[in-house]
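Examination of the molecular architecture
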Amino acid sequence: MSTATKPNHIGRKISRIRELRDMKQEALAQALGTNQQAISIIENSETVDEEKLIEVAKALGVTVDAIKNFSEEAAFNYFNNIHDNDFSHSNGAIQSNNCSFNPLDKMMEFIEENRKLYERLVQAEKEKNEYLEKLLKEK
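The model shown is predicted, which means the values in this text are computed figures rather than measured ones. (Residues numbered from 1 in each chain as written. Predicted model: local features only at pLDDT ≥ 70, side-chain atom pairs only at ≥ 80, totals over all residues. Heavy atoms only, no water.)

Considering the arrangement of structural elements, one finds His9 in the segment before α1 (10–20). A polar atom in the side chain of His9 sits 3.1 Å from the backbone nitrogen of Arg12. For His9, the contacting residues outside a window of four places in its chain are Glu43, Asn44, Ser45 and Glu46. (Helix = DSSP H or I, 4+ residues; strand = E, 2+ residues; numbered from the N terminus. Polar contact = N/O pair within 3.5 Å; in protein donor to acceptor, adjacent residues only side chain to side chain. Contact = heavy atoms within 4.5 Å.)

Core analysis: the biggest nonpolar cluster contains 16 residues, and Ile14, Leu53, Leu60 and Ile67 have the highest contact counts within it. At the level of secondary structure, the elements contributing two or more residues to this core comprise α1, α2 (25–32), α3 (36–43), α4 (50–60) and α5 (64–68). The dominant element in this core, judged by the number of residues it contributes, is α4, at 4 residues. Residues in contact with Leu53, not counting those within four places in the same chain, are Ile10, Ile14, Val48, Val64, Ile67 and Lys68. (Core = buried A, V, L, I, M, F, W, Y, C linked by side-chain atoms within 4.5 Å. Buried < 20%, exposed > 50% of the residue type's maximum accessible area, 1.4 Å probe, protein only.)

Turning next to unusual backbone geometry. With a phi close to 55°, Asp22 is a non-glycine residue in the positive phi region. With respect to the element layout, Asp22 can be found in the loop between α1 and α2. Exposure remark for Asp22: the relative accessible area of 72% places this residue in the exposed category.

It is worth spelling out a nonpolar patch on the surface at this point. On the surface, a nonpolar cluster with roughly 430 Å² of combined accessible area is contributed by Met107, Met108, Phe110 and Ile111. Structurally, Met107 is set in helix α7 (residues 103–138). (Patch = residues over 30% accessible without salt bridge, like charges linked within 9 Å, V, L, I, M, F, W, Y side chains within 5 Å. Areas by Shrake-Rupley, 256 points an atom, 1.4 Å probe, with all protein chains shown as cover. Salt bridge = Lys/Arg side-chain N within 4 Å of Asp/Glu carboxyl O.)

This part takes up the pattern of salt bridges. Any two side chains of opposite charge can pair, given that their charged atoms come close. Scanning the entire structure with this criterion turns up 7 salt bridges. Here Arg16 ties to Glu19 by a salt bridge, and the two come within 2.7 Å at their closest N and O atoms. Here Arg16 pairs with Glu19, and both are found in helix α1, just 3 residues apart, close to one helical turn. The shortest N-O distance in the salt bridge between Lys68 and Glu50 comes to 3.3 Å. Remark: Glu50 occurs in helix α4 and Lys68 occurs in helix α5; sequence separation between them is 18 residues. Classification of Lys68 as partly exposed rests on a relative accessible area of 34%. On the accessibility criterion, Glu50 (41% relative accessible area) is partly exposed. Each of Glu112, Arg115 and Glu119 takes part in a single network of salt bridges with overlapping partners.

Everything listed here is a matter of geometry and, on its own, says nothing about what the molecule does.
Next comes the structure, spelled out in structure tokens:
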């Protein structure tokens with residue numbers, strides 16, 4: 001009995017990429033404007049229509065081709081290569097290839113920028129609604 005996944009099961013590939021990105025189904029659902037149950041259905045589907053696949057890829061921060069061509073082996077090789085090349089030895093000195101910035105700080109900046117954008121959009125909608133109400137009262 002084989003437990004190997006079918007190589008073309010797009011839903012499982014989406015699930016694995018989501019898990020590797022440390023993202024829960026609820027977070028992906030929110031990014032797509034849907035609910036967790038819909039994500040579960042997508043991840044259990046062998047095929048996903050191209051339009052939905054484009055949306056999912058964008059939410060996961062990968063390309064459609066990355067989803068279609070995803071394999072566990074390639075992912076492990078990629079991460080092993082990163083680990084193997086983390087420190088390079090040259091002339092007896094160790095050179096670190098680590099980030100020069102804190103990823104959490106960048107994430108917090110991103111969240112704050114999006115919060116401000118959301119507040120501006122909400123304010124614009126309120127102003128538009130007030131204007132439309134004013135026009136309706138004038139009639």
